[in-house]
There are 2 protein chains.
Amino acid sequence: MQQIYFFNEGRRDMRSLLGGKGANLAEMTHLGLPVPQGFTISTVACHDYEKNQNQLSAELRAEIAQALGQLEEITEKQFNSVATPLLVSVRSGAAISMPGMMDTILNLGLNDQTVIGLAEQTQNERFAWDCYRRLLQMFGNVVYGIPEQTFESVLANYKRRNGYRTDLDMTAADLKAVATRFQELYLESGHGAFPQSPQEQLELAVAAVFTSWQNPRAQVYRELHHIDNNIGTAVNVQAMVFGNSGADSGTGVAFTRDPVTGKHKIFGEFLQNAQGEDVVSGVRTPQGLPTMAEMAPQAYQQFLTAVAKLEKHYHDMQDVEFTLEHGKLYFLQTRSGKRTAKAAVKIAVDQVGEGLIDRNTALLRVDPEQVSNLLHPEFAAATLAAHKPLTKGLPASPGAASGKIYFTAPSAKAAHEAGEQVILVRQDTSPEDIEGMVVSEAIVTSRGGMTSHAAVVARGMGKCGVVGCEHLIVDQQKQQVTINGTVYGEGSELSVDGASGQVYAGVLTATQATQDQNLQTLLSWAKEIGQMDVYANADTANDFAQALSFGANGIGLTRTEHMFFKSDRLLKMRRLIIAGTALDRVEPLAELQELQTEDFYQIYRLAQGKTVTIRLLDPPLHEFLPHDAKEMARVADALNMSVSALEKRVAVLHEANPMLGHRGCRLAVTYPDIYEMQVTAIVNAALRLKREGVPVKPHIMVPLIDTLPELKWLKARLVAKINALLAAAHTPLHYQIGIMIEMPRACLIADQLAQSADFFSFGTNDLTQLTFGYSRDDIGSFLPTYLDQGILKADPFKTLDVEGVGKLMKMAVDKGRYARRSLPIGVCGELGGDPASIRYFASIGIDYVSVSPFRVPSAILASAQATLQRNYQASKATVQAR
Amino acid sequence: MQQIYFFNEGRRDMRSLLGGKGANLAEMTHLGLPVPQGFTISTVACHDYEKNQNQLSAELRAEIAQALGQLEEITEKQFNSVATPLLVSVRSGAAISMPGMMDTILNLGLNDQTVIGLAEQTQNERFAWDCYRRLLQMFGNVVYGIPEQTFESVLANYKRRNGYRTDLDMTAADLKAVATRFQELYLESGHGAFPQSPQEQLELAVAAVFTSWQNPRAQVYRELHHIDNNIGTAVNVQAMVFGNSGADSGTGVAFTRDPVTGKHKIFGEFLQNAQGEDVVSGVRTPQGLPTMAEMAPQAYQQFLTAVAKLEKHYHDMQDVEFTLEHGKLYFLQTRSGKRTAKAAVKIAVDQVGEGLIDRNTALLRVDPEQVSNLLHPEFAAATLAAHKPLTKGLPASPGAASGKIYFTAPSAKAAHEAGEQVILVRQDTSPEDIEGMVVSEAIVTSRGGMTSHAAVVARGMGKCGVVGCEHLIVDQQKQQVTINGTVYGEGSELSVDGASGQVYAGVLTATQATQDQNLQTLLSWAKEIGQMDVYANADTANDFAQALSFGANGIGLTRTEHMFFKSDRLLKMRRLIIAGTALDRVEPLAELQELQTEDFYQIYRLAQGKTVTIRLLDPPLHEFLPHDAKEMARVADALNMSVSALEKRVAVLHEANPMLGHRGCRLAVTYPDIYEMQVTAIVNAALRLKREGVPVKPHIMVPLIDTLPELKWLKARLVAKINALLAAAHTPLHYQIGIMIEMPRACLIADQLAQSADFFSFGTNDLTQLTFGYSRDDIGSFLPTYLDQGILKADPFKTLDVEGVGKLMKMAVDKGRYARRSLPIGVCGELGGDPASIRYFASIGIDYVSVSPFRVPSAILASAQATLQRNYQASKATVQAR
């Protein structure tokens, strides 16, 4: 069986045989583009190698020798020839790209003789010896396992002894001396001398690639990513070309469209008489493409024709690497080009207009994660490049802002009222800080993760936010923050980049968010396709209006507790909590009821009949009470009680693990009057709107349900209350009472709960916390290590843990729908904004996701992508079934 | 079809047709015992009633009339007769007893005429009118739904107007006036007059019983307990007899053996010329049975023969109610008698000796929950009766103790060293208090639930413990506690009853625990039967020795962190935690390693080859750091650091939800050296024992595992460490590395984990916390309400939540065994000591439970019962399959 394929024998659909890299080189060759020639040793050979006790079979060795001969003919160069030495690169390439495997050996074919030939051919002795010492280094490490460090310390010692600062200080003689020393290392390590025979070099390199397929890191990676162990890797052997062969040579990279703006205009960089590495290393400043056009007009025309052909062929903007060797053009690589969010959207919409791709393809081309960046102001790349960040935290909420820093909500408020741009800096935030956050341009905390209070609220408000900024030492007492030893007091100016998590000193200029017309077009296509509806999490009429403008179809989550944190209400709420008996609660409840009725009235009026889901009170009561001594004194005074009595109440309500404590529907079982007040406010608001002729459809959501008796107990009380109100008003009203599915137990008995709940809404934050036993507020101390070590693939609060949390969700959906086929099921939680999670939600039959307003466009796009991918899977399955 | 059965037509195996009560009355009749005659209207009639739109069918009414005629003949009394009025009781009785249903109407058949006849017959006018007013009250409430309260307030008003204190002050005339007023209430409530016709009374009462089967409370109860709605209820109609018919009459209760000691000797109480109610109400002091023997020697002989027959027939000690009416003996009820733990064990073992029951039956007769009481001292019933408790908390750990109260570990220790009996009183306890707990006779806390730190540690130590004693106001500052307004300072004397949760003032005398020979016998039988092994949770060699003496077969859980709380070690542990780098940790780790090696050596030496499972460090590091200012200063001094630096470290380690934080194996991923130190200590201890010729088999357990990569990552490191130690020692060692299954996620992916773990051990505490989202430390604020309202059937930390947590456990067992058939699976956690939970564990294939030493006997017995019940189910299934 054939084990080796020349590039002109393959095509891009032969990935499983040739690997991704091999198939791509074959495709370019097939298109008639000038590609340095070579061949791919197929994955079949990799299997044989394993079966053959990690030995290259005689057949393969013969086939390699034959392929080399053919390559010598094509290139008119010869292995082991001093005059025209054939040098090749050897690269691994599986069907799926994978870290941990041996990647590349360059310049294979060099030995003590051919290095001299190369020096003559390139007229560059230093270059030739540098190539040789690199080959010795890569080969020694990859083939014989001599530690990288061993070679590096030889180099470092050599430089130190000679007082050199960088590699560039080394002369040809120096590099030759190092290469000699490297060859001694081979002997010292007990592997024998560096093989001078290029054939032997090649065979050893191929065997090393095949062996690296089985190395533990690669195996763990495959296990983690469910990649079949048996797919194997291919090896690509390609003739080297040198852009540094003289003034008629050069190298460059180019994009077929502008990767920053998306403009349809070729964009690239070129360096005369240089190698690829020189472009990347930044040692020389690259020129533009016009330099190439001047230098080699014919090759340049050929180049323009070729890249246009490539974009047309691949139906996407391409990023190509190319080399001129003595005026002859070679393409080394083409791939889809990376682009900014703005460019991605513009290119996709333009290409539909040009007839290059269809709408579905356009929808799949844009990363939903990037889309939300388009809605926020950002710092221009040039601005960022010109400034060094002070420190970096987690990019909790995109946006860019500059302003004066303040450390408390009241001081932030005062500064805002005085007309300042404010940045709120805190160790962490609590609901007490909400008003400070509202008036700030950005929020920065030294603690907490991507779903900490600060992060969630910032995203909800669409405000720039950076959290878990570990190198900030916030001194709340002294009202100052220390960053790398420098102290910044109240009023100091900082700039915050929410997209990258970086914090800068001083004021940086940000570009303002614009309504991107291309984005509107793309989203309108997405809404037609996406089967999963997109709602917003919104706690105020303002948030809701924002969400509607971004395309939300309703509200999946209104957190009523946020309404209690406004300062005029907080005191009433506190009076309620301090109350000793149900009787003492009557007055504050009545006051809160009036305010809530007005809140709900405003939201439902905006909704104009769209679904608005209101979640009843969720957090534990102690969240509403003051925590520090000063605030304690103020509140005790306002409530007309002694500080010690207030302290006692705070102590009684204190909990060891508030996340697992007395909150949500548990509060409603012990204090039923709170939820009764809330449903009264909802119904009164709805009745008022009905009288005004506005359609209204309240969805009431009960959090934290664990058992059916708990749900029935609460629902009976709420329904009785509502029906009494409706009967008194002689008005019918269509309403639903549904539940959050956020406790693992609720998933396990979802069939029971579906008998009594009108809808389900997953709370993925709590569900993830409980499934893993991870507190999102405390995860910062070990999550970075877990991610570093590959124990977790991703932060489960950012991307759904399909294996665990996802399994529970699927169980709940299946059980719920088994009990009631038409049960509406949504997801509200931070994961509702994550595209990978949305794909999973769509696959298990979720009806809608509800996300913060600024995530709505991302979710709309992700929902469309999920539908397209499912349709694609389904059509593939149909084809296979035929 | 026959719908009515006279008592002589039934048998006890006809429960589903006649209900439990009916079948029992039939059985006694069948045995030839004198039972007031009557009949049972079957459950079939109940179904008909429902089908017939809640109307008695003509057929049933005819059958009732016919049965009444027959009853009149048998009793020689007549309905509606003034001279010989037939009065009956009407009682519901389903196959399964159930609260919430209409229970009893007595004296039915009385009306304005027959009441006069009854007065004459009993020569007691007051009694007759009292019977009548009771009938009116019960009937009005049950049949017409007139609120109980309405009747009660008439009674209360009447007494107040007449200056009466109790019902006993009321004369016949008074009761007659009340009865008249009651009849007016019937008219006022709109239901028409009280029916004077006894037939009509009976039909209405029967219909009311059938209707009550469908009432919401009964339906909810059936739903909660999975009782089929269709089984229906029967109605028992029985002639009334009157023990207060004169000097030749009386009433009594008797046990066939002494219910306190278990002695084989009849034990009872009797009241001449009295009704059952008089015995129960305590108005008159009952005489002993000799009174009856003197008064009616013949009836007494008949009584002795009958009760002996009953015990023989039911193969169990009986509790009978009986009445003498004009010298004639009637049995009203027989049932298995309630008994103390001591009596239960003695009776069961004695009855095996007497050939009355076999060993299996004996094992099923004793409540495992009670057994642990036999191991602890207790207050005699007489002592308790003579004292009024000050307050009551949760009975966290059985035992009885008196002593002087202290509020801190150091003061408790000092008092203990001065020779005092100490009771430690605290708001709650933390690991810092361990040494104070060790020296105390009892532990009392004002907070926390049955699985709070104080409760768990008290049970672990076998110490008397009462927790969550809400009415204690502990002032740690002033070193005093206030109970109902009285202040008790340091050194005040209290007594604590861990079995009931009651706290008394002063010193009460307790009886000391004795080695009960009967218990030893019973447990030896149990160990032969039980398929599930019983291990102990033990942290020290002392605990382990205790557990062995109680019959434990090994150690399922050694919590290594408890070893760090001894004061000499705590400082070393703190030095370790304060250390900034891995290098700074080397020295304290080395010191701790030496101490741990000695700990493990002692335990393994005692084990003599029995399994000992050591759990690696579990709690978050901040648990080891001081919390109050005084302790902080002391520790900073000892560690040679500033208080502010120590405070900073404490603040950094602080967690919002420690239960979900940086603990267990997460610590080991970030600080791998800690677990490496622990396994080194384990291996060194094992090697030392091997050299001494002692067999040793270490089981190492990793807590909090969530994912397979996490387990693999840790296991690779631990195995490498262990193997290096063994290689250096040139000694092979059989060891296992298993995991706690305590995170919901671990259950969901147990098939993956089983590939790498040598055994599973469920941690039911954490698993329950996460499945419900309940923190066991914070549950106190809502659990009582949840239990009161029937939302939870039981505290899920005391009895397994089969529906939720149990489902996850079963999933994990099935998945684990699917991946590896022979995987050993245990349960260590508080639920391992709960018999109901143990039954479930046995049913899903758990191999062993591990419980605190004092729970070992209970668990051995429960394991035997689980096996017997499973065998019984299996044999029943076989019979049905035939």
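Since this is a predicted model, take the numbers as computed values, not measurements.

Engineer: Can you help me understand the pairing of strand E22 (residues 502-505) of chain A in this one?
Structural biologist: Sheet faces and side chains relate simply in a regular strand, where the side chains alternate between the two faces. Residues and elements named next belong to chain A. Both strand E12 (residues 391-392) and E22 contribute to a ladder of 2 bridges, which runs antiparallel. Paired with threonine 391 across the strands is valine 503, a residue of E22. Pairing geometry for strand E21 (residues 493-497) and E22, over 4 bridges, is antiparallel. Each residue of the ladder has a partner; that of valine 496, found in E22, is valine 503. Joining the antiparallel neighbours E21 and E22 is a turn of 4 residues, in which glycine 501 adopts a positive phi near 85°.

Engineer: Is there a simple way to think about the packing of helix H22 (residues 567-578) of chain A against helix H24 (residues 629-638) of chain A in this case?
Structural biologist: When two helices pack together, their arrangement is given by the angle between the helix axes and the distance between those axes. All names here are of chain A. One can describe the packing of H22 onto H24 by two numbers: an axis separation of 11 Å at closest approach and a directional angle of 75°. The angle between H22 and H24 places the two elements in the roughly perpendicular class. Where H22 approaches H24, its residues Leu571, Arg574 and Arg575 are matched on the opposing element by Glu631, Arg634, Val635 and Ala638.

Engineer: Sorry if this is basic, but what is going on with the environment of Thr104(B) here?
Structural biologist: All names here are of chain B. By the element assignment, threonine 104 lies in strand E4 (residues 104-108). Along the sequence, threonine 104 and tyrosine 5 sit 99 residues apart, while their C-alpha atoms lie 19 Å from each other. Setting aside its immediate chain neighbours within four residues, threonine 104 contacts Val90, Arg91 and Met138.

Engineer: I'm lost on the UniProt feature "domain: PEP-utilising enzyme C-terminal" (unreviewed entry) in chain A in this one. Help?
Structural biologist: Within this structure's numbering, the places UniProt gives as "domain: PEP-utilising enzyme C-terminal" (unreviewed entry) are residues 515-863 of chain A. Split by type, residues 515-863 of chain A is 54% helix and 11% strand. Its first and last C-alpha atoms lie 21 Å apart.

Engineer: Where do I start with the UniProt feature "domain: Pyruvate phosphate dikinase AMP/ATP-binding" (unreviewed entry) in chain A in this structure?
Structural biologist: In the numbering used here, UniProt assigns the "domain: Pyruvate phosphate dikinase AMP/ATP-binding" (unreviewed entry) feature to residues 54-287 and 302-351 of chain A. Between the C-alpha atoms that bound residues 302-351 of chain A there is a distance of 23 Å. The span itself is 48% helix and 34% strand.

Engineer: Honestly, the sheet that holds strand E16 (residues 442-445) of chain A in this entry has me stumped. Any pointers?
Structural biologist: Through backbone hydrogen bonds, the strands of a sheet pair up, either in parallel or in antiparallel fashion. Residues and elements named next belong to chain A. Across the sheet, which stays open at both edges, the 8 strands sit in the order E12-E22-E21-E14-E15-E16-E17-E13 with mixed pairing between neighbours. If you trace the sheet from one side to the other, it starts and ends with E12 and strand E13 (394-397), each paired once. Across the sheet, helix H17 (residues 409-417) is in contact with strand E14 (400-406) and strand E15 (422-426); its angle to E15 comes to roughly 170°.

Engineer: Would you explain the relation of the copies chain A and chain B in this entry?
Structural biologist: In summary, the two copies of the chain are related to each other by a rotation about an axis coupled with a shift along it. Structural alignment of chain A on chain B gives an RMSD of 0.1 Å, achieved by rotating through 180° and translating 0.0 Å along the axis. Accordingly, the operation relating the two chain copies is best matched by a two-fold axis. No C-alpha of chain A approaches the rotation axis more nearly than that of Asn657(A), which lies at 2.2 Å. Both copies contact each other with a shared surface, as 100% of the interface residues of chain A are interface residues in chain B too.

Conventions used here
- The written sequence of each chain sets the order in which its residues are numbered from 1.
- Each chain gets a letter, beginning with A, and each ligand a number, beginning with 1, in the order they are written.
- The predicted nature of this model means local features are confined to residues of pLDDT at least 70 and side-chain atom pairs, given and counted, to a pLDDT of 80 or more, with totals for whole chains, interfaces and linings taken over all residues.
- Side-chain metrics rest on all non-hydrogen atoms present in the structure, leaving aside hydrogens and water.
- Here a strand pair is declared whenever DSSP counts at least two bridges between the two strands.
- Helix and strand assignments follow DSSP, with helices taken as H or I runs no shorter than four residues and strands as E runs no shorter than two, numbered in order from the N terminus.
- Think of each axis as a best-fit line through the C-alpha atoms, taken over the contacting stretch in the case of a helix, with angles from 0 to 180 degrees between the N-to-C directions.
- Here roughly perpendicular refers to angles of 65 to 115 degrees, roughly parallel to angles under 35, roughly antiparallel to angles over 145, and oblique to all remaining angles.
- Throughout, a residue-residue contact means that at least one pair of heavy atoms, one from each residue, lies within 4.5 Å.
- UniProt positions are given in the numbering used here, feature names are shortened, and annotations may be inferred rather than shown by experiment.
- To line up the copies, we fit them by least squares on C-alpha atoms, keeping just the residues with pLDDT of at least 70 in both.

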